[in-house]
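Geometric and topological summary
Below are the chains, spelled out letter by letter.
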Amino acid sequence: MMQSGIPLCNSCGESVGLGSNDEVFIACHECNFPMCENCVHYEIKEGRKVCLRCGIPYAAATSLVNPTADGVEKDVTVNHSTMAHHVESYQDVGVHARSISNFSALESESNAESGNPIWKNRVESWKEKKNKKKVISKREQEPQIPVEQQMEEKQPMEDVQMLSKTIPIPSNKITPYRIVIIARLIILGLFFHYRVTNPVDSAFGLWLTSIICEIWFAVSWVLDQFPKWSPVNRVTYTDRLSARFEKENEPCQLAPVDFFVSTVDPLKEPPLITANTVLSILAVDYPVEKVSCYVSDDGSAMLTFESLVETAEFARKWVPFCKKYAIEPRAPEFYFSQKIDYLKDKVQPSFVKERRAMKRDYEEYKVRVNALVAKAQKTPDEGWTMQDGTSWPGNNPRDHPGMIQVFLGHSGAHDIDGNELPRLVYVSREKRPGYQHHKKAGAMNALVRVSAVLTNAPYILNLDCDHYVNNSEAVREGMCFMMDPQVGKSVCYIQFPQRFDGIDRSDRYANRNVVFFDVNMRGLDGIQGPVYVGTGTMFNRQALYGYGPPSLPSLPKSSSSCSWCCCCRSKKPSKDASEMYRDSKREDLDAAIFNLREIENYDEHDRSLLISQMSFEKTFGLSTVFIESTMMEYGGVADSANPSTLITEAIHVIGCGYEQKTEWGKEIGWIYGSVTEDILTGFKMHCRGWRSIYCMPLRPAFKGSAPINLSDRLHQVLRWALGSVEIFLSRHCPLWYGWGGGRLKLLQRLAYINTILYPFTSLPLIAYCSLPAICLLTGKFIIPTLSNIASIWFLGLFTSIILTSVLELRWSGVSIEDLWRNEQFWVIGGVSAHLFAVFQGFLKMLAGVDTNFTVTAKAGDDADFGELYMFKWTTLLIPPTTLLVVNLVGVVAGFSNALNSGYEAWGPLFGKVFFAFWVILHLYPFLKGLMGRQNRTPTIVVLWSVLLASVFSLVWVKVDPFLSKSTTITNNCISIDC
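Conventions adopted
Residues numbered from 1 in each chain as written. Predicted model: local features only at pLDDT ≥ 70, side-chain atom pairs only at ≥ 80, totals over all residues. Heavy atoms only, no water. Helix = DSSP H or I, 4+ residues; strand = E, 2+ residues; numbered from the N terminus. Buried < 20%, exposed > 50% of the residue type's maximum accessible area, 1.4 Å probe, protein only. Contact = heavy atoms within 4.5 Å. Areas by Shrake-Rupley, 256 points an atom, 1.4 Å probe, with all protein chains shown as cover. UniProt positions renumbered as here; feature names shortened; annotations may be inferred. Core = buried A, V, L, I, M, F, W, Y, C linked by side-chain atoms within 4.5 Å. Axes fitted to C-alpha atoms, helices over the stretch in contact; angles between N-to-C directions. Nonpolar A, V, L, I, M, F, W, Y, C, P; charged D, E, K, R; others polar. Patch = residues over 30% accessible without salt bridge, like charges linked within 9 Å, V, L, I, M, F, W, Y side chains within 5 Å. Salt bridge = Lys/Arg side-chain N within 4 Å of Asp/Glu carboxyl O. Pairing = 2+ DSSP bridges. Arc of directions from axis to C-beta. Phe/Tyr/Trp six-rings, centres within 6.5 Å; stacked < 30°, edge-to-face > 60°. Lys NZ or Arg CZ within 6 Å of the ring centre and 35° of its normal. Expected span 1.5 Å × (residues − 1). Polar contact = N/O pair within 3.5 Å; in protein donor to acceptor, adjacent residues only side chain to side chain.

1. Thoughts on the overall build of the chain
Secondary structure assignment for the chain yields 36 helices and 13 strands. A burial count over the chain gives 53% of its 978 residues as buried. If you take every contact in the chain between residues at least 6 apart in sequence, the share linking residues at least 24 apart comes to 79%. A total of about 44800 Å² of accessible surface is found on the chain, and carbon and sulfur atoms cover 58% of it.

So, in structure tokens, the structure goes:
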């Protein structure tokens, strides 16, 4: 305890004490830094003669040395520089605090927890240790130095062959594309100048509505178009990867990877589909000891667990068969259903016999899994019971303990040839009433912690349960970027395009989303990288922990004068409120970013002290094993971990209360706050300065299933749009979040803004699609009689739109059919799912009305596309059906009016009817979906749509808001009764 008025020593924690003149001892007369006399003499004895805070020589040091000697002056200068650098490094390591006063928080924790000078003395010694490591012999370094650093030391960087290559789009394709974009932007400006300066007085309301809608569409086009300004292609060299990291007679140096597979409801996500995904992962072309597969069962279903038991047993036969004969794809359901010549390129005589036997084994395996599914259709009253007679712990999916089961792996069963298999881990996190579990994002964060405790691979590859590995070399493709010493250091994730099976040939509802994956994503790859789309993504684990890229320049820190206790005098003028706010914003982006380059050189005692000193528990939670794993940039299980207690520790980190009062879901891991956690998570990484890479192998890396039914497809789009609205209404909105750091490039920000604003386009789109019917019913039009100059602007606009699309197809390779399907579903989704998403998002914010996340049903074998023609009632069908009916009625009314009015009415009718047919053509796939296979629209849809159309028409006739109020009587009255 300190005496009254006497401060504590900032080094040893004891009282500063009194000096020789019976007054409080002052080590530094410049800043009054509290340090006792013994600690000052110890510092001077060790060669550190300047104040830790201000860098001015201690008063005791000046009395012990001759300040006029050249050598001493030089020594003081050097020490001042050293200590200034030390203070800066100390701030970098301690940037964990959220406020500007980083140092005061760390300092108090140091005094409270350590209470001795060890921490202060070791801070200086860490730098010395780092320098000593450079003189250790090369042979002693090799087991400790990361692979990438070894390759850099062995040969100069210019002599190292790149593992990947960026190929820009040829100038003869991209230059005309950019010229047309600029021309279209100029024409848009001239077009709007004409539209605004030439109002339609007879239909002012219609004209004003159309102007507002067109301006919104133009802004949306800019947000969508300019992120595609500099698209790129990439090529990987997997042969170079193998030559560099898989040398003969040497241990394999490829980095380990942890696969994450998430599932919730086995009745909506068939276990056989999940099992095929798992089997394709276990059979990837990658060293088995480097692969681990974690399956998250967020529904705690015994059906999922039992199907994994059967899958692990079948994998003992399937994996060696795939690797022996180089099978593609390595998901048995899709391999055996291929309608190709499976004997092509097969030269081993035993292949046919073994394939036939393997197909029989797979069919028997399917029967066993289907039997489990049939048994699970009805839950027993007493709940499920395991084979040993004990009750299944997950009988209540909302109240159950955490469960982990490890299959296969080094200590598990081997394949039928006696070889080791990749590790397979079943995980079901703990759930209790009263806790927020955060759906898929929470499940993924639980997998991050479990995998860090058990295997801690430096890279993570997450897949949805219905996305199987279609290319067995997909991991190697990703590693060509991650393990490249020049490229990988700044990469947070590799995004692979999504490809789908089981979609109808015409792709009626744009399920393949080709325009997004082959055009937009390649455009973003030329800026700061593609957005994260939720599956088929290889992560750098350190990026998920909130660390910044190693190449990231440090952000300016707040001045040291405000970082220490308030009793000291400030050497620099205090900042005004705006500067403090700006600095706090910049440091907010640096949340949970620590100096890994320093940490990796500490010994075990230094690490434990650093963990205590920096209070990592406040960020990562109360698990020393997990916290130590976060410091291991190149992966591996923590040295301090006890193998016998790893499962117990893994159970601990998936507890439902583990994330409380931590940064999980706020700054680290998958980010909470939106049902589209993928967009939010990738956005946070890009804001920290990371970049992502888009990898498009010739053979698609992964394939999945998509809902081909109209209602299911609309519900899927509704969920995506709702997530975008939630992000727009959150603190992470790209319109205002992350500007302080300056790490998110402008075009990348435009892409994210477009991602969260597109649902709001539904409002002007609904209004714009209603205008043709209104114009036909009232005889009004939104455009005045065109002059010659106006005709040029309209013609130029339509020409530029067509040229933009044609040139985009030219450099991207997308077909015109895919582009047209994308345009059609943009309208269908815009007037239905996006509209509902906007209202649901605002209801959730204003009234707290939450919307339940509906798992999209995963289809099994659907060769005849039966789901395509199945009708499922949903309120999402009403708005587009109403628009169809109203526009069809408007076309009929327009032709009737033209027939009655004579020849003069046919000219204006052409523009109105063209406008109406534009709407009808875009909604045509929706109309086909309503008709079904029998070309019959369900009665309920017809009734609702006719009712709404009739009410709308009657109200319009009654109100007619766009009719001119002043009418001129032109008839001359002759009769006296007039």
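2. Considerations on the UniProt feature "transmembrane region" (unreviewed entry) in the chain
Here the UniProt-annotated "transmembrane region" (unreviewed entry) positions come out as residues 756–777, 789–812, 824–843, 876–899, 905–927 and 939–957. Across residues 756–777, helical content stands at 82% and strand content at 0%; the span's end C-alpha atoms are separated by 36 Å. In residues 876–899, helix accounts for 92% and strand for 0%; the two terminal C-alpha atoms are 37 Å from one another.

3. Things to note about the nonpolar core
Counting 71 residues, the largest nonpolar core has Val257, Phe259, Cys293, Trp318, Leu424, Met479 and Ile494 as its most contacted members. If you tally residues by element for this core, the top one is helix 12 (residues 302–325), at 12 residues. If we skip the residues at most four places from it in the chain, Leu424 touches Val278, Cys293, Val295, Leu308, Ala312, Gln405, Val406, Phe407 and Leu408. Core analysis: the second largest hydrophobic core is formed by 70 residues, Ile460, Ile527, Ile671 and Val725 among them.

4. Some points on the UniProt feature "binding site: UDP-alpha-D-glucose" (unreviewed entry) in the chain
UniProt tags Ser262, Lys268, Glu269, Asp298 and Lys439 as "binding site: UDP-alpha-D-glucose" (unreviewed entry). Secondary-structure assignment places Lys268 in the loop between strand 3 (257–263) and helix 11 (271–282). Tracing the backbone through its elements, the reader meets Asp298 in the loop between strand 4 (291–297) and helix 12. The residues contacting Asp298, other than those within four sequence positions of it, are Thr263, Val264, Arg429, Lys431, Lys439 and Ala443.

5. Section: the packing of helix 26 (residues 710–728) against helix 27 (residues 746–757)
It is the contact of helix 26 with helix 27, at a shortest axis distance of 7 Å, that shows an interaxial angle of 115°. On helix 27, the residues touching Ser724, Ile727 and Phe728 of helix 26 are Thr755, Ile756 and Leu757. Considered class by class, the residues forming the contact of helix 26 with helix 27 number four nonpolar, two polar and no charged.

6. A short note on a nonpolar patch on the surface
Residues Leu735, Trp736, Trp739 and Leu746 make up a contiguous nonpolar surface patch of about 460 Å² in total accessible area. Examined against the element boundaries, Trp739 turns out to sit in the loop between helix 26 and helix 27. Accessibility expressed as a relative area gives 48% for Trp739, which makes it partly exposed.

7. Side note on the sheet that holds strand 12 (residues 691–694)
Spatially, the eight strands line up as an open sheet ordered 5-6-4-3-7-11-9-12, and their pairing is mixed. Strands with a single pairing partner mark the edges of an open sheet, and in this sheet they are strand 5 (403–408) and strand 12. On average, each strand axis in the sheet is inclined to that of its neighbour by 20°, with strand direction left out of account. Examined bridge by bridge, strand 3 and strand 4 share seven bridges and lie parallel to one another. Paired with Asp258 across the bridge in strand 4 is Ser292. Of the strands in this sheet, strand 9 (491–495), strand 11 (537–540) and strand 12 touch helix 25 (residues 677–687), which is tilted by about 140° from strand 9.

8. Examining helix 35 (residues 924–931)
Three or more residues of helix 35 are buried, namely Pro925, Phe926, Gly929 and Leu930. Looking down the long axis of helix 35, one finds its buried residues gathered within 145° of arc, a one-sided arrangement.

9. Thoughts on the packing of aromatic side chains
Summed over all chains, the structure comprises 46 aromatic pairs. Here the aromatic rings of Phe204 and Trp207 are separated by 5.3 Å at their centres, their planes lie at 40°, and the arrangement is tilted. Remark: Trp207 and Phe204 occur in helix 9 (residues 204–225); sequence separation between them is three residues, near one turn of the helix. Summarising the aromatic geometry, the rings of Tyr532 and Trp670 are spaced 6.4 Å apart at their centres and angled 65° between planes, so their arrangement reads as edge-to-face. In this pair, Tyr532 is assigned in the loop between helix 17 (514–525) and strand 11 and Trp670 in the loop between helix 24 (646–653) and helix 25, connecting sequence segments 138 residues apart. Among the aromatic residues, those joined into a ring-pair cluster are Phe314, Trp318, Phe321, Tyr325, Tyr335, Phe336, Phe351, Tyr362 and Tyr365. The ring of Trp664 carries Arg449 above its face, with NZ or CZ at 4.8 Å from the centroid.

10. Brief notes about helix 15 (residues 439–454)
Given a rise of 1.5 Å per residue, 16 residues ought to cover 22 Å, and the 23 Å separating the end C-alpha atoms of helix 15 matches this to within 8%. Most of helix 15 sits inside the fold, with 14 of its 16 residues counted as buried. Positioned one or two residues after helix 15, Asn456 has a phi angle of 55°, which is positive.

11. Topic: the pairing of strand 13 (residues 702–705)
Relative to strand 13, strand 8 (residues 468–469) runs antiparallel, the two being bridged by two bridges. Counted as the bridge partner of Tyr468 is Lys703 from strand 13.

12. Some thoughts on the sheet that holds strand 13
Taken in spatial order, the three strands line up as 8-13-10 in an open sheet, and their pairing is mixed. Edge positions in the open sheet fall to strand 8 and strand 10 (499–501), since each of these has one partner strand only.

13. Description of the environment of Met302
Take Met302: it is sitting in helix 12. Separated by 70 residues in sequence, Met302 and Leu372 place their C-alpha atoms 9.6 Å apart. Other than its neighbours up to four places away in sequence, Met302 contacts Trp384, Thr385, Met386 and Trp392.

14. A word on the side chain of Arg541
Inspection of the secondary structure assignment puts Arg541 in helix 18 (residues 541–544). Residue Arg541 is classed as buried on the basis of its relative accessible area, which comes to 2%. There is a polar contact of 3.0 Å between the side chain of Arg541 and the side chain of Ser451. Those residues in contact with Arg541 that sit more than four places away from it in its chain are Asp258, Val448, Ser451, Ala452, Asn456, Ala457, Pro458 and Ile460.

15. Some words on the environment of Tyr547
Within the secondary structure, Tyr547 sits in the loop between helix 18 and helix 19 (577–589). Along the chain, Tyr547 and Arg688 lie 141 residues apart, while their C-alpha atoms are 8.1 Å from each other.

16. Notes on the pattern of salt bridges
It is possible for side chains of opposite charge to pair when their charged atoms get near one another. As enumerated under the stated definition, the model contains 26 salt bridges in all. Ionic pairing is found between Arg368 and Glu310, a salt bridge with its closest N-O pair at 2.9 Å. Of the two residues, Arg368 sits in helix 14 (residues 351–375) while Glu310 sits in helix 12, which places them 58 residues apart along the sequence. Here Arg368 falls in the partly exposed class, since its relative accessible area comes to 35%.

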